[in-house]
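Reading the structure
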Amino acid sequence: MLAMGARIIGIELAKDIVHTFLATSFSNDDRHVKRIEKLMAEEN
C-alpha cells in the first residue's frame, strides 16, 4: 500500500515515489511477512 497527500506531494515527486515503490523488491523480513499475512486474513 502506498499513500500520498495530494496537497503535499507534486506530480513529479509522486511519479518518482511510485517508481521507487514498484522497483524495490520485497525484503521478506519477518515483520513485513506478518503484516502481509494480517492483510490477507482481513481480505478473507
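The chain has the name Ribose-5-phosphate isomerase B in an unreviewed UniProt entry, where Faecalibaculum rodentium is given as its organism. UniProt, in its Sequence similarities (unreviewed entry) section for the chain, records the words "Belongs to the LacAB/RpiB family."

**Thoughts on unusual backbone geometry**
For N28, which is not a glycine, the phi torsion comes out positive at approximately 60 degrees. Of note, N28 is situated in the loop between α1 (11-23) and α2 (30-43). Taking relative accessible area as the criterion, N28 reaches 56% and is therefore assigned exposed.

**Notes on the layout of surface pockets**
Considered as a void within the structure, the largest pocket measures approximately 170 Å³ in volume. Around the largest pocket, the lining residues are M1, F21, T24, S25, F26, I36 and L39. Of the residues in the lining of the largest pocket, the class split is five nonpolar, two polar and no charged.

Calculation criteria
- Residues numbered from 1 in each chain as written.
- Predicted model: local features only at pLDDT ≥ 70, side-chain atom pairs only at ≥ 80, totals over all residues.
- Heavy atoms only, no water.
- UniProt positions renumbered as here; feature names shortened; annotations may be inferred.
- Helix = DSSP H or I, 4+ residues; strand = E, 2+ residues; numbered from the N terminus.
- Buried < 20%, exposed > 50% of the residue type's maximum accessible area, 1.4 Å probe, protein only.
- 1 Å grid on protein atoms, 1.4 Å probe; cavity = no way out; pocket = protein on both sides within 12 Å on 5 of 7 lines; lining within 4 Å.
- Points joined across faces, edges and corners; volume = space filled by probe spheres on them.
- Nonpolar A, V, L, I, M, F, W, Y, C, P; charged D, E, K, R; others polar.

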